[in-house]
Amino acid sequence: MRYISTRGTAPVLTFEQAMLTGLARDGGLYVPETIPTLDHDTIAGFAGQSYEDVAYAVMRPFIGDTFSDNQFRELIANAYAGFGHAARAPLVQLAPNHFLLELFHGPTLAFKDFAMQLIGQMFEAALGRSGDRVTIVGATSGDTGSAAIEAFRGLDAVDVIILYPHGRVSEVQRRQMTTPTESNVHAIAVDGDFDDCQAMVKDMFNDFQFREDVRLAGVNSINWGRVLAQVVYYFTAAVSLGAPQREVSFTVPTGNFGDIFAGYIAKRMGLPIRDLVVATNTNDILHRTLETGAYTKGTVTPTISPSMDIQVSSNFERALFYAYGQDGAAVADQMADLKQGGFTVSQGAIDALRDSYLSGRASEQDTSDAITTYVQEHGELLCPHSAVGVHVAQHHLGTTPMVTLATAHPAKFPAAVERATGIHPPLPPRMADLYDRDERITRAANDLSAIQQIIKDRIAS
Ligand SMILES: *Cc1c(COP(=O)(O)O)cnc(C)c1O
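Overview of the structure. (Residues numbered from 1 in each chain as written. Predicted model: local features only at pLDDT ≥ 70, side-chain atom pairs only at ≥ 80, totals over all residues. Heavy atoms only, no water.)

What about empty space enclosed by the protein?
One simple way to see leftover space: roll a probe sized like a water molecule over the atoms. Applying the stated rule across the entire model yields two cavities of 30 Å³ or more. Within this model, the largest cavity holds a volume of roughly 300 Å³. Lining of the largest cavity is provided by 28 residues; of these, Phe111, Lys112, Thr144, Asn256 and Ser307 occupy positions nearest its centre. Those elements that provide at least two residues to the lining of the largest cavity are α6 (143-152), α8 (194-206), α10 (224-240) and α11 (258-268). The greatest single-element share of the lining of the largest cavity, amounting to three residues, is contributed by α10. Here the lining of the largest cavity is composed, by residue class, of nine nonpolar, 15 polar and four charged. (1 Å grid on protein atoms, 1.4 Å probe; cavity = no way out; pocket = protein on both sides within 12 Å on 5 of 7 lines; lining within 4 Å. Points joined across faces, edges and corners; volume = space filled by probe spheres on them. Helix = DSSP H or I, 4+ residues; strand = E, 2+ residues; numbered from the N terminus. Nonpolar A, V, L, I, M, F, W, Y, C, P; charged D, E, K, R; others polar.)

Things to note about the environment of Arg354
With respect to the helices and strands, the residue Arg354 is situated in helix α15 (residues 347-356). C-alpha separation for the pair Arg354 and Glu380, spaced 26 residues apart in sequence, amounts to 31 Å. Dropping the residues within four chain positions of it, Arg354 is found in contact with Leu290, Glu291, Thr292 and Gly293. Engagement of the side chain of Arg354 in a polar contact is seen with the backbone oxygen of Glu291, the distance being 2.9 Å. (Contact = heavy atoms within 4.5 Å. Polar contact = N/O pair within 3.5 Å; in protein donor to acceptor, adjacent residues only side chain to side chain.)

Looking at unusual backbone geometry
Excluding glycine, a negative phi dihedral is what most residues carry, and trans is how most peptide bonds are arranged. Looking along the chain, the bond that leaves Ala243 and enters Pro244 is cis, with omega of 5°. The backbone of Phe257 shows a phi angle near 70°, a positive value even though the residue is not glycine.

Some words on the site of the ligand
Around the ligand there are 15 residues in total, and Lys112, Asp143, Thr254, Asn256 and Thr407 lie nearest to it. Contacts to the ligand include Gly258, whose backbone N or O atom sits 3.3 Å from an oxygen atom. Side-chain polar atom of Thr407 to a nitrogen atom of the ligand: 2.8 Å apart, as the coordinates give it. Judged by the fraction of its atoms near the pocket grid, the ligand is located in the largest cavity. Of the residues that constitute the shell around the ligand, the class distribution is five nonpolar, seven polar and three charged. (Near = heavy atom within 4 Å. Sits in = over half its atoms within 2 Å of the grid points.)

Here's the deal with the packing of helix α16 (residues 364-377) against helix α18 (residues 414-421)
Remark: α16 packs on α18, axes separated minimally by 8 Å, with the N-to-C direction vectors making an angle of 65°. In terms of orientation, α16 and α18 fall into the roughly perpendicular class. By crossing handedness, the relation of α16 to α18 is classed as right-handed. Within the contact between the two elements, α16 uses Ser368, Ile371, Thr372 and Val375 and α18 uses Val417, Ala420 and Thr421. Of the residues assigned to the contact of α16 with α18, the class counts are four nonpolar, three polar and no charged. (Axes fitted to C-alpha atoms, helices over the stretch in contact; angles between N-to-C directions. Parallel < 35°, antiparallel > 145°, perpendicular 65-115°, else oblique. Left-handed = near helix turned anticlockwise from the far one by under 90°.)

Quick word on the pattern of salt bridges
Counted by the stated rule, this structure contains 22 salt bridges. Ionic pairing is found between Arg88 and Glu52, a salt bridge with its closest N-O pair at 2.8 Å. Of this pair, Arg88 sits in the loop between α4 (69-81) and β3 (91-95) while Glu52 sits in helix α3 (residues 51-59), and the two are 36 residues apart along the sequence. Looking at Glu52, the relative accessible area reads 16%, which means it is buried. One salt bridge connects Asp284 with Arg361, and the closest N-O pair in it is separated by 2.9 Å. (Salt bridge = Lys/Arg side-chain N within 4 Å of Asp/Glu carboxyl O. Buried < 20%, exposed > 50% of the residue type's maximum accessible area, 1.4 Å probe, protein only.)

Such coordinate-based values are descriptive only and should not be taken to indicate function.
Structure below.
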């Protein structure tokens, strides 16, 4: 399996190279040259299998000869061993024909653990073989950073530097990033918003000298390995509800378009997904684009679902690539216009996007109301991101079973949950001492060269 860039001019890479590289040299994102399919009987055979077995079967066609079959099985087993639920991604029922896929049983209580724990294992295995050392730099609106630090802490071949927007992550998220004591992990609080952090990470990747000097690697949601790991739970959930004999729909709270794009891949692989519904908070660039065809940057408004406070959606480029019939030059043109503030998707491409994705948006009030209603009438305490999903999903319920992705545990966002319900969601026992641990915080200006200097100093020490 070979990987090509969405902008068409970067070198073609193997799975291992694409995973270790992150962003392509032409500024694009790596995607597989072809999307493998699983036949009806193979998918039907997933019924009753463990999460790990399905994960192996779904991901194996994408990894080429990066790992042997046995090693890949072992990496998957290690990745999910630390989860607090034997099913890994259990499905619970919310209402007639509406289900919640709980993706928050990993070590940092958000769905990002599914991808990050596996990426940690795969990086360690690949780098251990080559003897190389890399610096992972990532931007986070809270959950990616905590998941990355948790997945890479203490590994020999990797330094991890995470930029997060100062004052805009929840206390649990911050503490998960600032309390690990291993010397290879560093959290930096930037005076800016998430888009500023993400833009600086992109600039570092485009600074080839710096990229070589620190041997930069990325694990943000642009990393193909992350998207791939997220494809798996669409299969396990749909099969539990009767796929492939029966169609299933999904609603996905998303900002960077990573999680929902994984659903698109699952569908292309042959999983009978009917609707894929994008659910946004008031930072609704994805919803607006699908409605109007115009992708224009707005300003980020802080919400109670901060992990989706995003106005530049990096994985949307992958969706565009397929909507433009895999025309890298067309994608490169649009992305050049984005530097000027926005672009309009062509008629053919917007039609293709609307064929693939539906969308909806939840206001702050809608989100908070959904948290209140779902604990009172459905017995389910939702985190604000999951509540955005559930609110939007309600407008798309019908005869096809709907699965809403619950992307974080309510205890990760206790303030918003408590305001809506009066209930203070407790942390699971395995992390109950989080509030007592000491924090290490580095504050930095929203300035690329200053942050590059901090990174060089940190990895030298
Ligand atoms: C990251 C995150 C999201 C958004 O995921 P995308 O990668 O933007 O699809 C939603 N909810 C939570 C809790 C998250 O951490």
